[in-house]
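Single-letter residue listing:
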Amino acid sequence: MIDVAKIRKDFPMYSKGGLYRGLPLTYLDNAATTFKPEAVLEAQDSYYRSFTANAHRGDYSLAHDVDVAYEGARKTVAAFLHADPDEVCFTSGDTMGLNEVAFGLEKFLKKGDEILLSEGEHASNVLPWFVLARRKGLVIRYIPLHDGRITVEGLRSVLSERTKVVSIARVGNVLGYVSDVRSLCALAHQYGALFVEDGAQSVAHLPSDVKDTDVDFLVFSGHKMCGPLGIGVLYGKRDLLERMDPLLYGGEMNARFYEDGSWTYSDVPLKFEAGTQNIAGALGLAAACRYLSELGLEQIAEHERTLRRLAVEKLRRLSNVVLYNEDGDTGIVTFNVKDVFAQDVASYLSSKGVFVRSGQHCAKLLPPLLSCQATVRASFYFYNDEADVDRLVDGCAHAEDFLDVFFA
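Residues numbered from 1 in each chain as written. Predicted model: local features only at pLDDT ≥ 70, side-chain atom pairs only at ≥ 80, totals over all residues. Heavy atoms only, no water.

Enquirer: Lay out the overall build of the chain with the relevant residues and their values.
Expert: A tally of helices and strands in the chain yields 15 helices and 17 strands. For the chain, the C-alpha atoms occupy an extent of roughly 70 × 55 × 40 Å along the three principal directions. The buried share of the chain, taken over its 408 residues, is 57%. Taking contacts inside the chain between residues at least 6 apart in sequence as the whole, the part at least 24 apart equals 72%. When the accessible area of the chain is evaluated, it comes to approximately 17,500 Å², of which 51% is carbon and sulfur surface. Treating the 43 positive side-chain charges of the chain as one cloud and the 56 negative ones as another, the clouds have centres 2 Å apart. (Helix = DSSP H or I, 4+ residues; strand = E, 2+ residues; numbered from the N terminus. Buried < 20%, exposed > 50% of the residue type's maximum accessible area, 1.4 Å probe, protein only. Contact = heavy atoms within 4.5 Å. Areas by Shrake-Rupley, 256 points an atom, 1.4 Å probe, with all protein chains shown as cover. Lys, Arg positive; Asp, Glu negative; His and termini not counted. Charge placed at Lys NZ, Arg CZ, Asp CG, Glu CD.)

Set out below in structure tokens:
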């Protein structure tokens with residue numbers, strides 16, 4: 001059971017009596033980014049205040065302490081994923097991780113090879129593959145969605161001997177449906193395809209076990225899981241990381257380079273960590289992993305499901321609301337208010353202290369399947385409560401009055 005009142009004491013964003021600009025702070029844009037607990041802020045701040053030095057470069061005690069802390073953070077993240085530490089590469093976030101995977105695999109792909117995506121993917125899991133397809137003459141195909149969901153049957157219908165990569169989000173960032181990654185990955189492997197899991201919307205909300213799912217790659221961002229901005233993770237099976245080329249070149253990722261233009265790589269994971277890394281961010285991410293583990297990912301997921309069930313139940317009673325994922329699996333609730341543009345709904349809710357996302361949520365292939373150009377997305381997390389649900393519903397009930405915001 002999640003004790004929201006107790007948990008909010010850990011978050012400075014709730015320190016002013018839970019108010020923002022004089023209104024109750026109702027933050028429901030957690031799919032975009034999350035609040036940070038004191039433990040994360042302290043871990044990040046400790047690097048700048050107590051032991052600042054570069055990692056893997058100094059032969060003095062202060063630098064050694066940084067090395068120990070940085071590699072300790074890697075071990076913490078690895079344990080959070082049930083991975084081996086040398087399979088965990090720090091990145092700037094989900095976007096960089098997906099680019100690392102796509103362009104790292106470039107040399108193994110040839111004209112006519114197929115990449116399978118879904119039309120529910122966000123930009124970071126679409127555009128790198130588009131660019132790669134244009135460069136190499138690859139074919140992009142889409143797994144058909146069954147009522148918005150990626151299913152084993154849908155994947156089977158498009159797999160072939162030409163399929164080389166399947167890249168999907170475990171949790172979609174618009175509809176919030178959870179895909180059975182373990183079964184999907186097993187099917188992809190039967191065809192000799194690599195499986196890439198985009199964990200941007202899942203790692204913060206559901207337990208992750210890369211050994212159990214057997215995914216070849218998993219990428220995610222720290223800021224969506226109570227961690228700092230500018231830090232993320234690329235997990236990859238070691239043999240694949242050793243064969244791939246990195247995206248970035250520079251200090252630390254090379255063991256040697258020579259006048260004739262040749263070089264040798266550092267061992268993984270340093271091979272994928274060119275230049276000075278976000279050391280403070282890595283420490284903050286490790287603190288976030290510890291914080292979420294102490295709360296329990298199963299408890300977090302159940303709390304979100306409870307809030308979404310309550311929100312759906314109350315929103316369904318409103319005659320002016322159209323819901324797109326009533327049967328969703330996570331804390332994401334996507335809807336529109338009839339005859340009111342999504343951005344106007346968000347602006348009206350904002351005037352009431354309720355903060356949601358509006359638009360296409362970076363998933364720009366999905367709107368035609370929903371028969372609308374934009375939606376409103378409320379996304380719950382473990383520090384939200386029933387009062388947040390009620391303020392959302394109350395705001396939606398009067399969202400037709402959005403012009404009052406502009407003429408107040």
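Enquirer: Describe the packing of aromatic side chains, naming the residues involved and giving the relevant values.
Expert: Taken as a whole and judged by the stated rule, the model has 18 aromatic pairs. On the numbers, 5.3 Å between centres and 15 degrees between planes, the contact of Phe35 with Tyr383 is stacked. Taken together, the positions of Phe35 in the loop between strand S3 (26-27) and helix H2 (38-50) and Tyr383 in the loop between strand S17 (375-379) and helix H14 (386-397) put the pair 348 residues apart, joining distant regions of the chain. We note that Phe35, like Tyr383, is buried. Look at Tyr47 and Tyr48: their rings are 5.2 Å apart centre to centre, the planes differ by 70 degrees, and that puts the pair in the edge-to-face class. (Phe/Tyr/Trp six-rings, centres within 6.5 Å; stacked < 30°, edge-to-face > 60°.)

Enquirer: Before we move on, can you summarise the sheet that holds strand S10 (residues 232-236) with the specific residues and values?
Expert: The strands that make up a sheet pair up through hydrogen bonds in the backbone, lying either parallel or antiparallel. Read from one edge of the open sheet, seven strands run S4-S10-S9-S8-S7-S5-S6, paired in mixed fashion. Each having just a single partner strand, strand S4 (88-91) and strand S6 (139-143) make up the two edges of the open sheet. Strand-to-strand, the axes of this sheet are offset by a mean angle of 20 degrees, without reference to chain direction. Packed on one face of the sheet, helix H4 (residues 94-104) meets S4, strand S7 (163-169), strand S8 (194-198), strand S9 (217-221) and S10 and runs near 155 degrees to S9. (Pairing = 2+ DSSP bridges. Axes fitted to C-alpha atoms, helices over the stretch in contact; angles between N-to-C directions.)

Enquirer: Describe the side chain of Arg8, with residues and values.
Expert: Looking at the secondary structure, you find Arg8 in helix H1 (residues 4-8). Those residues in contact with Arg8 that sit more than four places away from it in its chain are Tyr14, Tyr383, Asn384, Asp385 and Asp388.

Enquirer: Outline the pairing of S8, supporting the account with residue identities and numerical values.
Expert: Most of S8 is tucked away: five of the five residues are buried. Neither face of S8 is exposed, since Leu194, Val196 and Asp198 on one face and Phe195 and Glu197 on the opposite face are all buried. Regarding the hand of the β-α-β motif, the stretch spanning S7, helix H7 (residues 181-190) and S8 is right-handed. The pairing of S8 with S9 spans three bridges and is parallel. Residue pairing across strands places Val196 opposite Phe217, the latter belonging to S9. (Right-handed = clockwise from strand over helix to strand, strands pointing away.)

Enquirer: Could you give me a rundown of the nonpolar core, with the residues and numbers involved?
Expert: By size, the foremost hydrophobic cluster in this structure holds 65 residues, and its most contacted members are Leu81, Val166, Leu292 and Phe382. Per-element accounting of this core gives the leading share, nine residues, to helix H10 (residues 279-295). Setting aside anything within four residues of it in sequence, one finds Leu81 in contact with Val203, Ser208, Asp209, Val210, Leu218, Phe220, Val233 and Tyr235. Formed by 29 residues, the second largest nonpolar core is a distinct cluster that contains Leu28, Ala374, Ala378 and Phe380. (Core = buried A, V, L, I, M, F, W, Y, C linked by side-chain atoms within 4.5 Å.)

Enquirer: Before we move on, can you summarise the pairing of strand S11 (residues 254-257) with the specific residues and values?
Expert: As judged from the three bridges shared by S11 and strand S12 (residues 263-265), these two strands associate in the antiparallel manner. In the strand pairing of S12, Arg256 is matched with Thr264. Here S11 hands over to S12 after five residues, with Gly261 in that stretch at a positive phi of 90 degrees.

Enquirer: Let's hear about the pattern of salt bridges: which residues, and what values?
Expert: Scanning all chains against the criterion turns up 28 salt bridges. With a shortest N-O distance of 3.2 Å, Arg162 and Glu114 are connected by a salt bridge. Of this pair, Arg162 sits in the loop between helix H6 (152-156) and S7 while Glu114 sits in strand S5 (residues 114-118), and the two are 48 residues apart along the sequence. Residue Asp327 pairs with Arg149 through a salt bridge whose shortest N-O separation is 3.9 Å. (Salt bridge = Lys/Arg side-chain N within 4 Å of Asp/Glu carboxyl O.)

Enquirer: Tell me what's going on with H7, and back it up with residues and numbers.
Expert: Spacing of three or four residues puts side chains on the same side of an α-helix, whose turn is 3.6 residues. Among the residues of H7, Val181, Leu184, Cys185, Leu187 and Ala188 are the ones counted as buried. The buried residues of H7 occupy an angular sector of 160 degrees when projected down its axis, which confines them to one face. On its buried side, H7 packs onto H6, S7, S8 and helix H8 (210-213). (Arc of directions from axis to C-beta.)

Enquirer: Can you break down the sheet that holds strand S13 (residues 321-323) residue by residue, with the values?
Expert: As summarised here, the arrangement of the four strands in space is S13-S14-S17-S16, forming an open sheet in which the pairing is antiparallel. The open sheet is flanked by S13 and strand S16 (357-359), the only strands paired with a single partner. Averaged over all adjacent pairs, the angle separating strand axes in this sheet is 30 degrees, with direction ignored. Bridge count between S13 and strand S14 (residues 332-337): three bridges; the pairing is antiparallel. If you follow Val321 over to S14, its bridge partner there is Val337. Contacts from helix H12 (residues 342-351) reach S14, S16 and S17, with the element oriented near 160 degrees to S16.

Enquirer: An account of helix H3 (residues 61-81) is needed here, citing residue identities and associated values.
Expert: Taking 1.5 Å as the rise per residue, H3 with 21 residues should run 30 Å; its terminal C-alpha atoms sit 30 Å apart, in good agreement. Along H3, the positions that sit buried rather than exposed are Ala63, Val66, Asp67, Tyr70, Ala73, Arg74, Val77, Ala78, Phe80 and Leu81. Considered in projection along H3, the buried side chains sweep an arc of 165 degrees and stay on one side of the axis. Along H3, the residues that are exposed and aim more than 90 degrees away from the buried face are Ser61, Lys75 and Ala79. Remark: His82 follows H3 within two positions and exhibits a positive phi of approximately 60 degrees. (Expected span 1.5 Å × (residues − 1).)

Enquirer: Can you lay out the side chain of Thr34 for me, pointing to particular residues and giving the numbers?
Expert: Relative to the elements of secondary structure, Thr34 occurs in the loop between S3 and H2. On the basis of relative accessibility, which here comes to 2%, the residue Thr34 falls in the buried class. With near-sequence residues (within four places) excluded, Thr34 lies in contact with His223, Lys224, Met225, Cys226, Tyr381 and Tyr383.

Limitation: the analysis is restricted to geometry and does not speak to function.
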